[in-house]
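Structure at a glance
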Amino acid sequence: MPGTLFVVTTPIGNLEDVTLRALRILQEVDLIAAEDTRRTNQLLQHFKITTATTSFHRHNESKQLPRLLSKLDQGQNIALVTDAGTPTISDPGNTLVAKAIQQKLSVEAIPGPSAILAALVLCGFLVDGFTFVGFPPSRSIDRKRWFLNLTDEPRPLVLFESPHRIQQSLTESLHIFGDRPIFIGRELTKLHEQRIHGTISEVIGQISNKKGEFTIIIDSAEPTLPPSTLPEGNVLWKEFCQLTDNYDLSRR
């Protein structure tokens, strides 16, 4: 009987946020496929989990994919994890999940902490819906085009950014979106967590530490009313006559 691929969410910072189910799965599976085994081993050692790990990331994906699929087909259970958060969400793992589904193998999600949801509950914006767009492109010209394509999005935008590009992305978003309200969360749930509220122009100078990944929420634009048009003179005259003739109103 084929095994199961468990897509396991790990803490985004604070190890206490890991779920009991995630710990049980990591303990019970035959193998853990990790984006960075060194980072994952810190989590495993903290909770005294001794399951074997193997490296699985974008650079060795083509080599590891057949091997992992073969192990699943032979009945082994595998947990897929990334450095932090949920695999496949702006992280490696999509191809393995897709191939496993194509081969009719069992895939289960083990949910847990989310930087996206943590930022949304902290931002203070009215959030009836949101649009998650991941990381902006690294090249400046591609990043500008990427932001321009999002200007008409009616919901708050949630994106990630790296430390060495945060300033450029904020500057370009100010030029393209205007001075909208924004929330920035750095190192969410960690010891040196930083939260910044304000408009884009206000927060640009408030990022005192550019270490760690950033979760950004740009509020939606204020709805604009369609331009009003004045009625023609004859329409106004008819309305005037109707009011004075039918409702006993004086011409004054």
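Up top is the structure these notes are about.
Residues numbered from 1 in each chain as written. Predicted model: local features only at pLDDT ≥ 70, side-chain atom pairs only at ≥ 80, totals over all residues. Heavy atoms only, no water.

Attention shifts here to the overall build of the protein. Along the backbone of the protein there are 9 helices and 10 strands. Here the C-alpha atoms of the protein give a radius of gyration of 26 Å, more than 25% beyond the 18 Å that 2.2 N^0.38 yields for 252 residues. By principal-axis analysis of the C-alpha atoms, the protein measures approximately 90 × 45 × 35 Å. The 252 residues of the protein split such that 42% are buried. Restricting the contact set of the protein to residue pairs at least 6 apart, pairs at least 24 apart contribute 68%. (Helix = DSSP H or I, 4+ residues; strand = E, 2+ residues; numbered from the N terminus. Rg over C-alpha atoms; globule rule 2.2 N^0.38 Å. Buried < 20%, exposed > 50% of the residue type's maximum accessible area, 1.4 Å probe, protein only. Contact = heavy atoms within 4.5 Å.)

Leu170, Ile182, Ile184, Ile207, Ile216 and Ile218 are the most contacted members of the largest nonpolar core, which totals 18 residues. Put simply, the parts of the chain that give this core at least two residues each are α6 (140–148), β7 (157–161), α7 (166–177), β8 (181–186), α8 (200–203) and β10 (214–218). In contact with Ile216, not counting residues within four places along its chain, are Leu157, Val158, Leu159, Glu161, Ile166, Ile182, Phe183 and Ile184. Val18, Ala34, Val81 and Ile110 belong to the second-largest nonpolar core, a separate cluster that totals 16 residues. (Core = buried A, V, L, I, M, F, W, Y, C linked by side-chain atoms within 4.5 Å.)

The terminal C-alpha atoms of α7 lie 16 Å apart, and with 12 residues this matches the ideal 16 Å at 1.5 Å per residue to within 8%. Of all the residues in α7, the buried ones are Ile166, Ser169, Leu170, Glu172, Ser173 and Phe177. Buried-residue contacts for α7 involve α6, β7, β8, α8 and β10. (Expected span 1.5 Å × (residues − 1).)

So, on to the side chain of Arg186. Its place among the elements puts Arg186 in strand β8. Despite being buried, Arg186 has no salt bridge partner; Glu187 is the closest side chain of opposite charge, sitting 4.6 Å away. Apart from the residues within four sequence positions on either side, Arg186 is in contact with His192, Glu193, Gln194, Asn209, Lys211, Glu213 and Phe214. (Lys, Arg positive; Asp, Glu negative; His and termini not counted. Salt bridge = Lys/Arg side-chain N within 4 Å of Asp/Glu carboxyl O.)

For the rest of this paragraph, the subject is the environment of Leu80. By the element assignment, Leu80 lies in strand β4 (residues 78–81). Given a relative accessible area of 1%, Leu80 falls into the buried group. Sequence separation between Leu80 and Lys210 is 130 residues; the distance between their C-alpha atoms is 29 Å. Apart from the residues lying within four places of it in its own chain, the contact partners of Leu80 are Leu5, Phe6, Val7, Val8, Ala33, Phe56, Pro87, Gly93, Leu96 and Val97.

Take the pattern of salt bridges next. Counting across every chain of the model gives 11 salt bridges. A salt bridge links Asp83 to Arg39; its shortest N-O distance comes to 4.0 Å. Placement of Asp83 in the loop between β4 and α4 (94–102) and of Arg39 in helix α2 (residues 37–46) is noted, with a sequence separation of 44 residues between them. Among the ionic pairs, Asp142 bridges to Arg145, the shortest N-O distance being 3.2 Å. One end of the pair is Asp142 and the other is Arg145, both in helix α6 and 3 residues apart, which spans about a single turn. Residue Asp142 is classed as partly exposed on the basis of its relative accessible area, which comes to 24%. Here the residues in one salt-bridge network are Arg139, Asp142 and Arg145, joined through shared partners.

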